[in-house]
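Working through the structure, step by step
Chain by chain, the residues run as shown.
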Amino acid sequence: MCGISARVVGAVGDDEEWVTLYEEENEPDAQTLEIPNLTPYTHYRFRMRQVNVVGASAFSQSSRVIQTLQAPPDVAPTGITVRTASETSLRLRWVPLPDSRYNGNPESVGYRVTCWRPDLPSPALAHVISDRLERELTVEGLQEWTEYELQMQAFNAIGPGPWSESVRGRTRESVPSAAPENVSAEAVSSTQILLTWASVPEQDQNGLILGYKILFRARDLDPEPRSHAVRGNHTQSALLAGLGKFVLYELQVLAFTRIGNGVPSSPPILERTKDDAPGPPVRLVFPEVRLTSVRIVWQPPEEPNGVILGYQIAYRLASSSPNTFTTVEVGATVRQFTATELAPEAAYVFRLSAKTRQGWGAPLEATVITTEKRERPAPPRELLVPQAEVTARSLWLQWVPGSDGASPIRYFTVQLRELPRGQWQTYSSSVSHEATACAVERLRPFTSYKLRLKATNDVGDSDFSAETEAVTTLQDVPGEPPSSVSVTPHTTSSVLIQWQPPRDESLNGLLQGYRIYYRELEYEVASAAESKTLKTPSALRAELTAQSSFQTVNSSSTLTTYELTHLKKYRRYEVVMTAYNVIGESPASAPVEVFVGEAAPAAAPQRVQVTPLTASQLEVTWDPPPPESQNGNIQGYKIYCWEADSQNETEKMRVLFLPETTAKLKNLTSHTKYLVSVSAFNAAGDGPRSEPRQGRTHQAAPGTPSFLAFSEVTSTTLNVSWGEPTAANGVLQGYRVVYEPLAPVQGVSKVVTVDVKGNWQRWLKVRDLTKGVTYFFRVQARTIAYGPELRASVTAGPAEGSPGSPRDVSVTRSASELTLQWTEGRAGRTPTTGYVIEARPSDEGLWDMFVKDIPRGATSYTASLDKLRQGVTYEFRVVAVNQVGYGEPSSPPAAMSAQAESPFYERWWFVLVVALCSLLAVLPVVFALVLRGQNKRHGSCGPGKSISNMEESVTLDNGGFATLELSSRHLNVKNTFSKKNGTRSPPRPSPGGLHYSDEDICNKYNGAALTEGGALQEKSGDAVESEGTESGSEDALPQHSFVNHYLSDPTYYNSWKRRAGAAPHRYEAVAGAEAGPAPRAAVTAQSAVFAPAAHGARTPLAGFSSFV
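The text that follows walks through the structure, step by step, so that each part is easy to find. (Residues numbered from 1 in each chain as written. Predicted model: local features only at pLDDT ≥ 70, side-chain atom pairs only at ≥ 80, totals over all residues. Heavy atoms only, no water.)

Examining the overall build of the protein chain
Applicable threshold: The helix and strand labels rest on DSSP assignments: H or I over at least four residues marks a helix, E over at least two residues marks a strand, and numbering proceeds from the N terminus. The cut-offs for exposure are 20% and 50% of the maximum accessible area for each residue type, with area from a 1.4 Å probe on protein chains only; residues under the lower value are buried, those over the upper are exposed, and the others partly exposed. Using the Shrake-Rupley algorithm and a 1.4 Å probe, accessible areas are obtained, with residue cover drawn only from the displayed protein chains.
Scanning the protein chain for helices and strands turns up 6 helices and 67 strands. Looking at the protein chain residue by residue over its 1108 residues, the buried ones come to 43%. Total accessible area on the protein chain stands at roughly 57500 Å², and carbon and sulfur atoms take up 50% of it.

Have a look at this one:
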């Protein structure tokens, strides 16, 4: 027997294990085997072993990786449920296929959904979902209150899989989508209209018709229509009463369900009420009154109640019989009449009435006195609004009329203002002249007003009265329900209700709170089999209306959310809301349906931890949400991962459909801080995310530098620069630059490697190129390891088309400057744009750029010697530049030393002369003191003494020049000549004949020497500091080797330049010392000074100016 086992690669991630796939018995000679039941589109490696009666052999070497072919999915999505989403949509949910069941490329996996009506032979609606991880679909565009069947299948690039079992769902009840038919209207009187209509077509009812509403408005009078409701779906007529007489009305009829109003009939029907006797004319005034005549002016009736056919004016003396009127009739278009032949200073009564087809209307009566002594009336006074007469939308205004000004008041005008910032508005300008009070209506509830009044007579208007005190209307029920009401499952037995408060202007008072009404919709309880027994939609509606009782929950006015608990599982509920105050409730909101029993997890996974595994992987572990918050079976988890600084651009999501509590996030960016959040989901939806947890991937080798560029390419030098890698993948430690010629140069192919530390410097100066040779450059960045190389080639100059070398180059030097002169050489392909000067110090031997950006017209350049290092010899050459590049360099003239000429007062001969003069000036004084001392000593010491000992500190002034002195030494000068002739001058002492002694001298001399020596020591200290700085600066230069000249430090490749800020070398006191090594230290008893030790120069004596 032989057995085969295989290792699955990739299908189960990193936890690959060898599993036994197939065993074949009694086939010892088999050379090939067919292995069945493999998973399509999966990587495998195989190994096998033989088995006999003794036992099993070792496994063979594993085969290469083999991938099986793709195949259509062999299973359909599971856990399919359908719920009502809206009046025209259904929400379908399912559990997606696991990765192992794709049987093909994951990018090609998707789902197909079909939807159809089982009661009609209509074609099915098809929907395609291309996202293999999608878990739900909302099927839109369905009919309201209609049952549908749905199926789905998975597919990949090879083909579709099997169809799932069909599921049924019904769309939600909606408002009628059509208006009642055959609407007609007929005026039955001057105040009544009868309407009739037919029912809404069955297919457009979209639910149970609970009644009808009639919308009507007086055309050109009412801005908004009024409504009249007719309850019940069996009544199809209504009588509108209390209408205006002879008024044209627009009328519409609509049907409504529990969801809301349907579509009103269109176009509106126009119907006018019948005519009637008119009302009285208005605004009757007498603008002209004479002793024997008056002119009367009026306006048509506010309620004409028909077509005005004419007016009748009747007048009589007020003192005469009531039936003795003089009557005059005028046409319908006449608005004024003049009565003549009246008695002067007499009172007359006028009556004015209008006429329609139905007869004369009620008259308007007014009194006038035939006199010319009239004036405007006084304003009304004592305005009062009794609080008992104030309602939510009206109030009662009372007043006392003022003086009429000998002319009867014709009418009053009422104005009101809404506080706090409203403007005065006219409420009515036709209040009867006989009135002392009127009702002010159409006010806003719970609003403060002020009112004022004026009177009008035949002469004109009075002033306005004083304003009333502020009066506030009473509260009324809120005019609007809460808006944006939404109901979502929160747990398996509760829902979360959210809403927005009504608008402030619709509150009509102080909002006390909200009332939530909910009820169970019994028809959702029926199983699929039972629902098929309900033959017609009307049967479902009848079942619904039987369950009409609501339960009520009160909510505070400050809340906008409420959790409704203790509901029955797997039931559908309907929720409506109202707002209420102390007066009552607002109209109800539109009902919202919700299915209880399925809810997304209420809590996030716990104890989320993020652990870095590699440079591209993080491991995430967590615990499930608490059991009481899971709200059903957890189907999986969603892991959200994003870079810490850019969530919107980098967020990724991974879905685990198995209830595992660990995941590995792969293909991440190296050395990057990530934030990870986890949420759980079940069949109802996704739960909340956990708090983000932080993790950083490990470092890795960086990517290639972003660019590699060359500049300032001459025949021997160039600058190479590179960019930071786009993907650093860690902390950049530095770079490695490697270059070599593409072909051996003089039989030698040298490879130069330069390591640049740090990330701040990304350029390098190369100075050992060979003219015309092509070099191959490679640059790598380094973190914990070197990354891939970025490569480029460059050829050393001169470039083809560049200028020729400048001619006649010469160098001249003055005491402090260096001047180069040249003439322009051969022009290149393009005009010369400028020049550069290269220099080569004698201690390095490599050319480097000395001056750049010299203008094209220049033929000379002067540089200060301070830019060069003292004591170093330099060669110079000039290179012309154009747009092509750097040209051929000129031939260098003779080398030039950078040693600056010392001024005359630092020359050795000048120092020598000053020293000799000082000596000649001091010697007479010394000899005079010696002779004097000897005379005194000779007198005190007695005869026989021929030798005199003299001890004295000698300071030699050098006239302000650099002086090296030994201030703490004791100088003993011993006379060795005999005083034979008192007038003989002693010989000049020479430095070679002086001897130093450590013997002590008298205190008086010792003190003087120390005092003066302190000052000299300070000067010496300054010299030491200056020279030490210069020496230290030069000593700090690196020792040159084969690659030292590639160092990127600018101070290095310009090492031939004079260091800025360094003190000049002061070795003028050393005669004949032109160039030499760094100064050496000469140490004395109490000080250290630097003395140059030039080759062939004599070391100066401590304590004296150096001279020869």
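Focus: the sheet that holds strand 41 (residues 606–612)
This is how the line gets drawn: For two strands to count as paired, DSSP must find a minimum of two bridges between them. Under this scheme, a helix contributes an axis fitted over its contacting stretch, all axes are lines through C-alpha atoms, and angles between N-to-C directions fall in the 0 to 180 degree range.
Taken in spatial order, the 3 strands of this open sheet run 41-42-45, and their pairing is antiparallel. Both outer strands of the open sheet, strand 41 and strand 45 (662–665), are each paired with one neighbouring strand and no more. Recorded for the sheet is a direction-independent mean angle of 20 degrees between the axes of neighbouring strands. Pairing of strand 41 with strand 42 (residues 618–623), which is carried by 5 bridges, proceeds in the antiparallel orientation.

Notes on the nonpolar core
So the rule is basically this: Definition of nonpolar core: a set of buried residues of the types Ala, Val, Leu, Ile, Met, Phe, Trp, Tyr and Cys, connected through side-chain atoms within 4.5 Å.
Counting residues in hydrophobic clusters, the biggest one holds 24 residues, and the most contacted among them are Leu718, Val720, Trp722, Leu764, Val766 and Phe777. Elements with a minimum of two residues in this core: strand 50 (718–722), strand 51 (734–741), strand 52 (752–757), strand 53 (763–766), strand 54 (774–782) and strand 55 (790–795).

With respect to unusual backbone geometry
Each neighbour pair has its own omega, and for Ser266 with Pro267 the value is 0 degrees, a cis peptide bond. Structurally, Pro267 is set in the loop between strand 17 (248–256) and strand 18 (269–272). Residues Leu419 and Pro420 are joined by a peptide bond in cis, for which omega reads 10 degrees. A positive phi angle is found at Asn729, which is not glycine, with a value near 60 degrees. The topology assignment puts Asn729 in the loop between strand 50 and strand 51. A positive phi angle, near 55 degrees, is found at Gln746, a position not held by glycine. By the secondary structure assignment, Gln746 is in the loop between strand 51 and strand 52.

So, the environment of Val139
One can find Val139 in strand 9 (residues 136–139). Along the chain, Val139 and Thr114 lie 25 residues apart, while their C-alpha atoms are 9.5 Å from each other.

Comments concerning the pairing of strand 49 (residues 708–711)
Of the strand pairs in this sheet, strand 49 and strand 50 are connected by 4 bridges, and their pairing is antiparallel. Paired with Ala709 across the strands is Ser721, a residue of strand 50. Linkage of strand 49 to strand 50, two consecutive antiparallel strands, is achieved through a turn of 6 residues, within which Glu712 is found at a positive phi near 50 degrees.

Considering the sheet that holds strand 61 (residues 873–882)
Strand order in the open sheet formed by 4 strands is 59-58-61-62, and the pairing between neighbours is antiparallel. Edge strands, defined here as strands with exactly one partner in the open sheet, are strand 59 (848–855) and strand 62 (896–897). Sheet topology note: the strand 61/strand 62 ladder contains 2 bridges and is antiparallel. Bridge pairing in strand 62 places Thr873 opposite Ser897.

Topic: the side chain of Glu147
This is how the line gets drawn: Contacts described as polar in this section are N or O atom pairs within 3.5 Å, which, within protein, must combine one atom able to donate a hydrogen with one able to accept it, while residues neighboring in sequence count only if both atoms come from side chains.
Mapped onto the secondary structure, Glu147 falls in strand 10 (residues 147–155). A polar contact of 3.1 Å, which involves the side chain of Glu147, links it to the side chain of Arg168.

Describing the pattern of salt bridges
Heads up, the rule is: For salt bridges, the criterion is a side-chain nitrogen of Lys or Arg within 4 Å of an Asp or Glu carboxyl oxygen.
Under the definition given, this model contains 50 salt bridges. The salt bridge partner of Arg357 is Asp275, with a shortest N-O separation of 3.2 Å. Taken together, the residues span a long stretch of sequence, with Arg357 in the loop between strand 24 (347–356) and strand 25 (359–360) and Asp275 in the loop between strand 18 and strand 19 (282–289) at a distance of 82 residues. The exposed category is assigned to Arg357, whose relative accessible area is 65%. On the basis of relative accessibility, which here comes to 13%, the residue Asp275 falls in the buried class. Ionic pairing is found between Arg762 and Glu724, a salt bridge with its closest N-O pair at 3.8 Å. Taken together, the residues span a long stretch of sequence, with Arg762 in the loop between strand 52 and strand 53 and Glu724 in the loop between strand 50 and strand 51 at a distance of 38 residues. The exposure class assigned to Arg762 is partly exposed, which follows from its relative accessible area of 27%. Here the residues in one salt-bridge network are Arg172, Glu173, Arg258, Arg519, Arg572, Glu574 and Glu593, joined through shared partners.

Quick look at a nonpolar patch on the surface
Formally: Residues forming no salt bridge and having over 30% relative accessible area are the ones grouped into patches, like charges within 9 Å of each other and nonpolar side chains (Val, Leu, Ile, Met, Phe, Trp, Tyr) within 5 Å.
Residues Val188, Leu194 and Leu239 make up a contiguous nonpolar surface patch of about 220 Å² in total accessible area. Within the fold, Val188 resides in the loop between strand 12 (181–187) and strand 13 (193–198).

So, the pairing of strand 12
Relative to strand 13, strand 12 is paired through 5 bridges, and the arrangement is antiparallel. When the bridges of strand 13 are listed, Ala185 appears paired with Leu195. The antiparallel pairing of strand 12 with strand 13 creates a hairpin that spans 5 residues between the two strands.

Regarding the environment of Cys641
Cut-off, in case you're wondering: Every residue pair with non-hydrogen atoms within 4.5 Å of one another is taken to be in contact.
Its location among the elements puts Cys641 in strand 43 (residues 636–643). It is 8.8 Å that separates the C-alpha atoms of Cys641 and Val678, two residues lying 37 residues apart in sequence. Residues contacting Cys641, with those up to four places away along its chain left out, are Thr650, Glu651, Lys652, Leu665, Leu668, Tyr674, Leu675 and Val676.

Take it as geometry only, folks, not as evidence of what the structure does.
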